[in-house]
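# Descriptive structure summary
Below are the chains, spelled out letter by letter.
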Amino acid sequence: MNGVTQHETRGFAAATRLVAEREIKTFLRAKGFWIGLGVIIIGLFAMSILPGVLGGGQTKVVTVGAQAAEALAGTDLEVRAVADVPAAEALVRSEEVEAAVVPDTTAESSTGVRVIALADPPTDVVAALRTAPPVDLLDPAEVGQGPRQIVIMVFAMVFLLFGMGGTAIAQGTVTEKQTRIVEILVSTIPVRALLAGKIVGHSLLAIGQILVLAVVAPIALRLGGHSELLALVAPALGWYVPFLVLGFVLLAAMWAVAGSVVSRQEDLGSSMGLVMMLVMGPYFGVLFFSDNAIVLTVLSYVPFSSAIAMPVRLFAGQVSLWEPLVALGLLAGTVVLIVLLASRVYSGSLLHTGGKLALAKAWSRKD
Amino acid sequence: MLTVTSVSRSFGDKQVLDGVSFEVRPGRMTGFLGANGSGKTTTMRIVLGVLAAHGGTVAWHGSPMTGAVRQRFGYMPEERGLYPKMGVAEQIGWLGRLHGLDQATAKRNTERLLDQLELGHRAKDKLEELSLGNQQRAQIAAALVHDPVMLILDEPFSGLDPIAVETVLGVLRERAANGVPVLFSSHQLSVVERLCDDVVIISGGKIAVSGARDELRAQYGPARFELVVASDAGWVRDVPGVRVVDVDGPRAVFELDGDAGADQVVLQAALRRGTVRSFTPVVPTLGEIFMEAI
């Protein structure tokens with residue numbers, strides 16, 4: 001017919017690639033995408049650097065007499081000796097130091113020293129003076145409660161952010177339905193290629209962001225002076241990345257289905273509920289049960305929540321190597337299964353217009 | 001050539017298409033006519049594989065339709081749609097690539113088409129920033145960018161102003177002249193009358209009439225003539241073999257009553273009586289055929 005134009009038939013892979021390319025380009029051009037990523041990065045830096053900066057360094061204390069100096073030896077307070085009590089008081093009044101530790105002359109103090117401060121009792125100085133009995137731990141945890149909580153929070157939060165970021169897939173699908181460009185797309189390429197392109201495109205975007213974060217997080221931790229924490233986090237971070245990527249693919253397929261069963265943006269809320277639960281559930285589950293070893297172990301195998309729970313367990317060092325591998329395998333299997341199911345529902349519902357389509361109906365539609 | 005054979009389709013209990021058969025020939029503009037809800041869009045969707053047929057076949061050059069062939073079709077859906085937030089040239093180029101063009105060709109074709117459709121100066125704008133008429137032009141560019149081997153356009157002229165209609169028409173005619181079969185639906189009979197070479201009329205899910213426009217006119221028009229003379233034309237009533245449809249002073253419209261030569265008898269009689277201003281066969285309009293067919 002037309003001798004000028006060279007056509008090549010677009011196979012499944014090429015069509016998928018083109019759809020993915022469009023999704024990625026559209027996103028990279030959106031301001032919201034960069035703002036979102038920027039906020040996460042700034043947040044990471046803020047969390048690791050700010051406490052050190054705002055804390056203002058060590059508390060300054062002056063001592064009078066040998067007994068006071070000895071009582072504070074070995075603490076991380078900045079200690080300076082002055083000649084007498086009035087000189088110490090003057091320094092406290094002028095707020096050059098936070099507190100003064102002076103000999104106790106009333107015999108009220110068991111430690112033999114008194115603390116002089118301006119307005120409030122200086123808790124860290126008091127804590128430093130308090131004598132606690134020695135403790136012997138029979139099974140010491142590798143990681144303290146503080147860092148563990150922070151890591152759980154960060155892992156769960158990043159999962160939540162990426163999981164919810166998948167709503168863009170649902171919105172994109174509805175936009176295609178609502179503008180009816182879907183008719184042109186479906187008459188040109190296989191429906192499955194359209195779905196695959198969306199999943200691949202958004203997953204690549206997510207992987208890109210996850211890699212950026214995986215590079216940025218250690219830098220932030222090092223700048224904040226948390227090198228020991230970094231050494232502990234690094235292996236868990238290495239596991240967290242593949243878990244997060246697979247978890248995202250799983251959710252991406254479900255977000256696409258959520259978008260395909262409705263015809264208008266306004267109806268999207270009703271179909272997104274289930275997927276949102278699958279994002280929020282693991283988030284809250286891990287946060288609430290982080291101290292319950294049994295529940296956390298279960299969660300670390302269940303697809304969806306395994307993306308957070310297994311890396312958290314890895315971080316706490318309670319796991320042998322086969323465990324994350326099994327969990328990752330389970331997750332990968334679920335991804336394959338869900339993507340297959342999703343592609344059928346997606347095909348069945350994509351050209352449906354009108355109200356929300358029940359999943360069972362979308363499943364059985366052949367056209 | 002596109003051949004649709006005995007295609008049927010139901011939605012639930014409602015049979016929407018019933019044994020629909022017609023063909024779209026290369027290099028011809030085929031008008032697809034029908035009232036609202038008669039099955040035009042459903043037929044087009046089935047041809048494009050957007051909907052499944054419950055019976056019958058669609059063939060391209062005699063072989064069953066495949067996805068690879070469909071990918072080279074150009075389609076303009078009735079409900080227009082492109083990505084609202086994507087640049088005009090960018091998305092038309094992308095659609096060209098989706099239809100199988102390489103990047104350079106897609107870009108070249110997009111530029112050429114947008115210029116042809118007088119949309120070149122808006123190429124970088126987002127689609128949603130265009131007026132509805134210009135969005136329509138972009139939609140047509142999207143259907144044409146990959147130099148389709150077959151064009152299927154659902155109501156391509158609705159929403160266009162008369163100048164835009166001419167522009168779009170020029171582009172479509174050029175494609176048809178290159179040998180591309182063009183199937184377009186319309187409910188505007190006058191537009192179809194002017195544009196199409198072939199006509200397919202669908203009514204209640206069945207094909208009422210199909211064929212070349214001129215043949216249909218000849219076939220559907222009972223041999224009817226209009227005579228205008230200088231004086232009163234009432235005498236035509238008395239000519240044997242002639243049935244008068246209307247006489248209005250010097251003008252008479254009549255049909256032949258079986259005898260094929262009777263029109264010449266009337267003409268000779270008129271010439272004997274005096275001046276003949278005009279003597280023309282009356283061709284039925286598509287509208288008349290349409291009304292008769294459905």
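Residues numbered from 1 in each chain as written. Chains lettered and ligands numbered in written order. Predicted model: local features only at pLDDT ≥ 70, side-chain atom pairs only at ≥ 80, totals over all residues.

### Quick word on the overall build of chain A
Spelled out, the test is: Put simply, DSSP H or I for four residues or longer makes a helix, DSSP E for two residues or longer makes a strand, and each gets a number counted from the N terminus. Every radius of gyration here is taken over C-alpha atoms, with the globule rule written as 2.2 Å times N^0.38, N being the number of residues. A pair of residues counts as a contact when their C-beta atoms, built from backbone coordinates, are separated by no more than 7 Å.
For chain A, the count of helices and strands is 15 helices and 4 strands. Radius of gyration (C-alpha) of chain A: 29 Å, far over the 21 Å computed for a compact globule of 367 residues. Expressed along its principal axes, the backbone C-alpha trace of chain A runs to roughly 105 × 45 × 40 Å. When contacts within chain A are restricted to residue pairs at least 6 apart in sequence, long-range pairs at least 24 apart make up 71% of them.

### Considering the overall build of chain B
Under the convention used in this document: Here a residue counts as buried when 20 or more other C-beta atoms sit within 10 Å of its C-beta, as exposed when there are 12 or fewer, and as partly exposed otherwise, the C-beta atoms being derived from the backbone.
In terms of regular secondary structure, chain B is built from 10 helices and 14 strands. With the principal axes as the frame, chain B shows a C-alpha extent of 75 × 45 × 30 Å. For chain B, buried positions account for 43% of its 294 residues.

### Points about the packing of helix α1 (residues 12-29) of chain A against helix α9 (residues 191-223) of chain A
Residues and elements named next belong to chain A. The following threshold applies: Axis definition: a line fitted to C-alpha atoms, limited for helices to the stretch in contact. Angles are taken between N-to-C directions and run from 0 to 180 degrees. Every angle not falling under 35 degrees, over 145, or within 65 to 115 is termed oblique; those three ranges are roughly parallel, roughly antiparallel and roughly perpendicular. Handedness of a crossing follows from how the near helix is turned relative to the far one, being left-handed for an anticlockwise turn of less than a right angle and right-handed for a clockwise one. Charged residues are taken to be Asp, Glu, Lys and Arg, nonpolar residues to be Ala, Val, Leu, Ile, Met, Phe, Trp, Tyr, Cys and Pro, and polar residues to be all remaining types, Gly included.
The N-to-C vectors of α1 and α9 enclose an angle of 45°; their axes lie 7 Å apart at closest approach. Viewed along their axes, α1 and α9 adopt a mutual orientation that is oblique. As for how α1 packs across α9, the hand of that crossing is right-handed. Within the contact between the two elements, α1 uses Phe12, Ala15, Thr16, Leu18, Val19, Ala20, Glu23, Ile24 and Phe27 and α9 uses Ala193, Leu194, Ala196, Gly197, Lys198, Val200, Gly201, His202, Leu204 and Leu205. Of the residues that constitute the contact of α1 with α9, the class distribution is 13 nonpolar, 4 polar and 2 charged.

### Some details on the interface of chain A and chain B
If you look at the interface, chain A gives 26 residues, while chain B gives 34 residues. Elements represented by at least two residues in the side of chain A that touches chain B include exactly α1 and α8 (181-188) of chain A. Top element by residues in the side of chain A that touches chain B is α8 of chain A. It accounts for 6 residues. In terms of residue class, the side of chain A that touches chain B is built from 10 nonpolar, 9 polar and 7 charged.

### A few points about the pairing of strand β1 (residues 2-11) of chain B
Residue and element names in this part refer to chain B. Keep this limit in mind: Paired strands, as defined in this entry, are two strands with at least two bridges between them according to DSSP.
For β1 and strand β2 (residues 14-24), the ladder comprises 7 bridges, and the chain directions are antiparallel. Bridge assignment links Val4 to a residue of β2, and that residue is Phe22. Hairpin connection, β1 to β2: the antiparallel pair is bridged by 2 residues, and Gly12 has positive phi, about 65°. Two strands pair when backbone bridges link them, and β1 and strand β4 (residues 55-60) are joined in this way by 5 bridges, in the antiparallel orientation. Bridging from a neighbouring strand, Val4 pairs with Val58 of β4.

### Looking at the pairing of strand β12 (residues 242-248) of chain B
All names here are of chain B. Of the strand pairs in this sheet, β12 and strand β13 (residues 251-256) are connected by 6 bridges, and their pairing is antiparallel. Bridged to Val244 within β13 is Phe254. With antiparallel pairing between neighbouring strands as the criterion, β12 and β13 make up a hairpin whose turn holds 2 residues, including Gly249 at a positive phi of roughly 60°.

### Regarding unusual backbone geometry
Positive phi, normally seen in glycine, also occurs at Arg180 of chain A, with a value near 70°. Relative to the assigned elements, Arg180 of chain A resides in the loop between α7 (167-178) and α8. For Glu155 of chain B, which is not glycine, the phi dihedral falls at a positive 50°.

### Here we look at the sheet that holds strand β11 (residues 224-229) of chain B
Each strand in a sheet pairs with its neighbour through backbone hydrogen bonds, running either in the same direction (parallel) or in the opposite one (antiparallel). Residues and elements named next belong to chain B. The 4 strands are arranged β12-β13-β11-β14 in an open sheet whose pairing can be described as antiparallel. If you trace the sheet from one side to the other, it starts and ends with β12 and β14 (276-281), each paired once. Between one strand axis and the next, the sheet turns through 20° on average, direction left out of account. Two strands pair when backbone bridges link them, and β11 and β13 are joined in this way by 5 bridges, in the antiparallel orientation. Opposite Leu227, over in β13, you have Ala252 as the bridge partner.

### Examining the domain arrangement of chain A
As a measure of interface size, the accessible area lost when the parts come together is often cited. Stated formally: Domain borders in the structure are assigned automatically or taken from a domain database.
What the domain assignment reports for chain A is domain 1 (12-46 + 142-364) and domain 2 (62-121). Centre-to-centre, using C-alpha coordinates, domain 1 of chain A lies 55 Å away from domain 2 of chain A.

### Examining the environment of Ile207 of chain B
All names here are of chain B. By the element assignment, Ile207 lies in strand β10 (residues 206-212). Each C-alpha atom of the pair Ile207 and Arg237 lies 38 Å from the other, and the pair is 30 residues apart in sequence. Contacts of Ile207, omitting those with residues within four sequence positions, involve Val20, Ser21, Phe22, Val200 and Ile202.

### Description of the sheet that holds strand β2 (residues 78-81) of chain A
Residue and element names in this part refer to chain A. Sheet architecture is open: 4 strands sit in the order β2-β1-β3-β4, paired in mixed fashion. Since the sheet does not close on itself, it has two edges, and those belong to β2 and β4 (113-117), each with one partner. For this sheet, the mean inter-axis angle between neighbouring strands, taken without regard to orientation, is 25°. Alignment of strand β1 (residues 60-63) against β2, held across 4 bridges, turns out to be parallel.

### Some details on the domain arrangement of chain B
Residue and element names in this part refer to chain B. Segmenting chain B into domains produces domain 1 (2-211) and domain 2 (221-293). Placing a centre on the C-alpha atoms of domain 1 and another on those of domain 2 gives a separation of 41 Å. Listed as interface residues are 9 residues of domain 1 and, on the opposing side, 6 residues of domain 2. Of all the secondary structure elements, the ones that give two or more residues to the side of domain 1 that touches domain 2 are α7 (189-195), β9 (198-203) and β10. When grouped by side-chain class, the residues that make up the side of domain 1 that touches domain 2 number 7 nonpolar, 1 polar and 1 charged.

### So, the nonpolar core
Spelled out, the test is: Joined through C-beta atoms within 7 Å, a set of buried Ala, Val, Leu, Ile, Met, Phe, Trp, Tyr and Cys residues constitutes a nonpolar core.
Ala253 and Ala256 of chain A together with Ala141 and Ile152 of chain B are the most contacted members of the largest nonpolar core, which totals 148 residues. In contact with Ile152 of chain B, other than residues within four places in its own chain, are Met44, Val47, Leu48, Phe73, Tyr75 and Leu183 of chain B.

### A short note on the environment of Ala358 of chain A
Residue and element names in this part refer to chain A. By the element assignment, Ala358 lies in the loop between α14 (322-349) and α15 (359-364). Under the C-beta neighbour-count criterion, Ala358 is labelled exposed, with 11 such atoms within 10 Å. Separated by 97 residues in sequence, Ala358 and Val261 have C-alpha atoms that sit 7.3 Å apart.

### Examining the environment of Ala99 of chain A
All names here are of chain A. Looking at the element boundaries, Ala99 is found in strand β3 (residues 99-103). Residue classification places Ala99 among the buried residues on the basis of 24 C-beta atoms within 10 Å. Spatially, the C-alpha atoms of Ala99 and Ala46 are 30 Å apart, while their sequence positions differ by 53 residues. Apart from the residues within four sequence positions on either side, Ala99 is in contact with Val61, Val92, Val115, Ile116, Ala117, Pro122 and Val125.

### Topic: α7 of chain A
All names here are of chain A. This is how the line gets drawn: For a helix, the expected span equals 1.5 Å multiplied by the number of residues minus one.
Between its terminal C-alpha atoms α7 stretches 16 Å, which fits the 16 Å expected from 12 residues at 1.5 Å a residue. All of the buried residues along α7 are Ala168, Ile169, Ala170, Gly172, Thr173, Val174, Glu176 and Lys177. Of the residues trailing α7, Arg180 is marked for its positive phi of about 70°.

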